[in-house]
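Architecture at a glance
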Amino acid sequence: MSGALDVAVIGMSCRFPGVAGVEEFWQLLRDGRTTVGRFPEHREAGGWNPALHPDAATLTTGSFFESVDGFDARFFEISPAEAAAMDPVQRLGLELAWEAVEDARLPASVLAGRAVDVLVGAGSSGYDMLRRLSGSDRDDHYAALGSSGTLIANRISGLFDLRGMSFCADSGQSSSLVALALGCDRIRAGAADMALVGGVQLIVDPGSGLGLANLGALSPDGRCFTFDGRASGFVRGEGGGFVLLKRLDHAVADGDHVYTTIRGWAVGSGGASSRMPDPSSEAQAATLLSALERAGVPFEGIDYIEAHGTGTRLGDPAEISGLRRVFRETGRSRRLTVGSVKTNVGHLEPAAGIVGLVKAALCVDRAELVPSVNFESPNPAIPGFETDFEVPVAVRPWPGTPERPRRAGVASFGMGGTNAHVILEQAPDKPADPGSPDTMLPWVLSARSEAALRDQAARLRDLVAGDGSPSCADIAYSLVTTRSSFEHRAVVLNGDRAELLAGLDAVAAGGQSALAVRGTGTGPAGPIVFVFPGQGSQWVGMGRRLYAESEVFARGVDECADALAPWTDWSLVDVVTGAPTAASLDRVDVVQPALFAVMVSLARVWQALGVVPDIVVGHSQGEIAAACVAGALSLQDAARVVAGRSRALTELAGSGGMSSVSADPAWVRDRLEAWSGRLSAAAVNGPASVVVSGDDEALEEFAAQAEPDGVRVRRIKVDYASHSHHVERIREQVLAIASDVVPRESAVEFHSTVTGAALDTRTLDGSYWYDNLRSTVRFGEVMEHLMRERGGVFVEVSPHPVLAVAMAETADALASEPVIADTLHRDDGSAHEVLASLAELHVRGVPVDWAAVLPSERTRRIALPTYPFQRQRYWLTAPDDSAAETGLAGPVKPASESSAVELVCAEAAEVLARKDKSLTAADLVARSTDTFKDLGFDSSMAVLLRNRLTKTVGVRLSATVAFSYPTPHTLGRHIFSLLEPEAPEPVLEDRSDDEIYALIDRGYV
């Protein structure tokens, strides 16, 4: 079968009237339907009057879109003014190119920066005629970019950041297939990694077909009767198609879906063998023979030819004559099946070849031949047609085997004599599908806008609810690996199929649901801050489920167990998983090492999911985990510190306690003076959260005195007094425990809650770990500084969030709230909880690695619904200059510089009124030294102002006059100087800050 240097078609897209994509096109082909109709009246262009032409009915019959003015400018990041100026063939080309890449199951980022060619066959739609009729050519800066058909390829290359050839082919009706042949040549030669090839045809002005009508090429019957006795010409069609090409061996190695293999291709010219525009059967035969030779395929092995098949009086007989030449040259003995997609969708002229290729590729891929519409009996001008040829009139199976694969040819001929032919072959058999795992995973969606996100969810729901829906795991895998990520995001959390469908329903409806997380990530999220709490987040069995569900977490716990083993006499794994024989979490020498191990292991889980800290903050003993995760302490040193300190704390048991106080820190400090030496501020967590520590009796007295003030005081379930004078009794023990610790410099910032600032981690020696236990925890101060000065994302890394309220209270006082997330929750502790938190971060714009969540084996990239473009109308309309003109009978000559400035301000106010009616001429006089940029002008408005001033004062002004004289004052003076030649020439002002005219500034004018 295929060779290593054959070319694979791995992605396809198409669009025709009433046909949104490849699947609908295939259904149209199988049903034998046509898209031919009448040109919509509301689309009538103003360039011609169909009633005055004898071929009006012929010209207005064809395959026409209901509208061609819609475009999703926001998705493609194109300004409204530029979008309106763009020929609609450029807009359609951008959409089809994007859909072809999505159909190839590749995110756009995979192509960026690579040697990928973009080769397009297209022509003008007639939009330039509308540009002239509307008068927009007078002040349209984007006309040069919007009117050139050659820029279609360039726009697509810019969209994907493709660095290969960017070329628009024009060989007439064979343009897109010639472009495909060029792309195949470059791929086979190694000049390009891939090629995005397509063709587009739109008809803004149906009168543009007059030449074809006069030539007799258009069907007066309004249908294309290819190879039929009623053949009388073709009907014109709108639409287009794109394919993504790649070397076959690379496509197979990468697991791409291959629609078909392109075995051979050829392009040739008729030269002088016929008179233009008559087709040359000799040249057509030579092109097919060349393609067969390059493919190394005998003509006998070709089952089907997707013919050029225009249904014209000369075209069909010439094409069959050329095929018979090949019969004779090769000795073919069996009949050849032929058909033409022009009977379905009309003749798309420069895009016709690629449309025929998409049809043929689908037939090869799906092992069926489809009917060629409008065929009843052979054209009598082709004698003996049925001896050598047949036209399918119904769907029929098309078998193929490795020994005799399905093969087809695709022909496309240009009116000027440039012919192209391509040989397609059935793709190599894929390895047997082992079946995807029956695993429920989160479904990640995104779009450029909220409306598109909702549509995306609705489209996916329709796919999932349909018969033969792919597995949930395949959908999850494909959403992550084949789709680009945009700012409007949703994650449907994993559950059974019914819950996933319900989650999609919620996203599609724009509502809230526990089954889905939604948000918008509009910019850089800022630094990632891991926050490690002290004691209090523990619960029995806090790591049981995650230890079973996450290999990363389990491995982290096991490593912590090994590090703690020399210093403990109990099983960490038993404690974490809540085994019946586990040591009690009520013991301080158990709970603190266990929490340390869980937090360190949870941090590894986050890091494995792509959430890597830039900053760490620890609360009390949480600083030990923070130092370990930052790399400032080795796991062994950190384990030694946490185990030794907690063991030393047992000596304080029963001598004191701690209470949480819901009050302002200043209020607490004032009250604590009454218990000096007996109570201390153990921790200041936020603007209304303080912990006090010390003697039991003093704590009771403090609570009693706080009650009349309505201050809530709650005892914490500990029987020792950390962060108070009690700790001084174990100072020497703590210093001895940490004496051999070797702190290291860390690339991750360590913000100390002992000092209240960023700290060089090389100072985290034994004395620091004593201070950490004795000093007030300045958590609120550190959080307030980081949130205010750095912003970012704050992730509490713990088995249950205990600092979330304090962080939220701190964030409430800020103008812009940071992202705050937690990890696990009491009595759940499953991987689902982690994924829910990961989803919260993702939808807020935090980079995460969803691929790490997905199974590494047995999942497949599958076809998903393409992006739901949110189109709005962008169309050239007649400007309303005439209605807003000054109405003066002739040029006005200002009497003075000040009156010239007033005139400029009056005209500027009229221009600005198009988008901002609040600024009057008087306002602009008062601001006459402000730049036009500051007043709200863009480049097109500046040219419009130039046009109005030229007409008003009767002097010629350059298109860049508002750039050279960037304020109403300087422009008024300049105009007055032109009217008064004896006045001295003014000196131009510095215009370095005038970037309002982006195109002018870049040298386009």
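Residues numbered from 1 in each chain as written. Predicted model: local features only at pLDDT ≥ 70, side-chain atom pairs only at ≥ 80, totals over all residues. Heavy atoms only, no water.

1. Quick look at the confidence of the model for the protein chain
- The predicted model of the protein chain has a mean per-residue pLDDT of 90, with 92% of residues at 70 or higher.
- The low-confidence segment residues 878-889, where pLDDT is below 50, has 18 contacts with residues more than four positions distant or belonging to other chains.
- pLDDT under 50 marks residues 982-1005. Its contacts with residues more than four places away, or in other chains, come to 44 contacts. (pLDDT = per-residue confidence, 0-100. Contact = heavy atoms within 4.5 Å.)

2. Brief notes about the sheet that holds strand E2 (residues 37-38)
- Spatially, E2-E3-E8 is the arrangement adopted by the three strands of the open sheet, whose pairing is mixed. Strand pairing shows two members of the sheet lacking a second neighbour, E2 and strand E8 (236-237), which therefore form its edges. (Pairing = 2+ DSSP bridges. Helix = DSSP H or I, 4+ residues; strand = E, 2+ residues; numbered from the N terminus.)

3. Notes on the packing of helix H29 (residues 779-789) against helix H30 (residues 804-812)
- Where H29 contacts H30, the two axes come as close as 10 Å, and the packing angle between them is 45°. With respect to H30, the axis of H29 lies oblique. The handedness of the crossing between H29 and H30 comes out as right-handed. Contact residues: Phe779, Met783, Glu784 and Met787 in H29; Met807, Thr810 and Ala811 in H30.
- Across the contact of H29 with H30, the residue classes break down as five nonpolar, one polar and one charged. (Axes fitted to C-alpha atoms, helices over the stretch in contact; angles between N-to-C directions. Parallel < 35°, antiparallel > 145°, perpendicular 65-115°, else oblique. Left-handed = near helix turned anticlockwise from the far one by under 90°. Nonpolar A, V, L, I, M, F, W, Y, C, P; charged D, E, K, R; others polar.)

4. Focus on the nonpolar core
- Core analysis: the largest hydrophobic core is formed by 154 residues, its most contacted members being Ile156, Phe160, Leu196, Trp443, Phe530, Phe532 and Leu572.
- With 13 residues, the single largest contributor to this core is helix H22 (residues 588-608).
- In this structure Phe532 touches Met599, Ala603, Val616, Val617, Gly618, His619, Gly622, Ala625, Ala626, Val629 and Val797, once residues within four positions along its chain are discounted.
- Judged by nonpolar contacts, the second largest core, of 50 residues, contains Leu245, Val345, Val358 and Leu424. (Core = buried A, V, L, I, M, F, W, Y, C linked by side-chain atoms within 4.5 Å. Buried < 20%, exposed > 50% of the residue type's maximum accessible area, 1.4 Å probe, protein only.)

5. So, the sheet that holds strand E5 (residues 116-122)
- An order of E6-E5-E7-E9-E1-E10-E17-E16-E11-E12-E14 is seen for the eleven strands of this open sheet, with the pairing classed as mixed. Strands with a single pairing partner mark the edges of an open sheet, and in this sheet they are strand E6 (166-169) and strand E14 (389-390).
- Along the sheet, helix H4 (residues 88-103) contacts strand E1 (7-15), strand E7 (194-201) and strand E9 (239-247); its crossing angle with E1, the most-contacted strand, is approximately 135°.
- Lying on the sheet, helix H14 (residues 352-366) is in contact with E1, E7, E9, strand E10 (260-269), strand E11 (304-306), strand E12 (336-339), strand E16 (407-413) and strand E17 (418-425); it crosses E16 at an angle near 170°.

6. Quick look at the pairing of strand E23 (residues 657-662)
- Extensive coverage of E23 is indicated by the burial of five of its six residues.
- Here E23 runs beside strand E25 (residues 689-694); their pairing, made up of five bridges, is antiparallel. Of the residues in E25, the one forming a bridge with Gly657 is Gly694.
- Bridge analysis of E23 against strand E26 (residues 712-715) gives four bridges, and the strand direction is antiparallel. Directly across from Ser662, in E26, lies its bridge partner Arg712.

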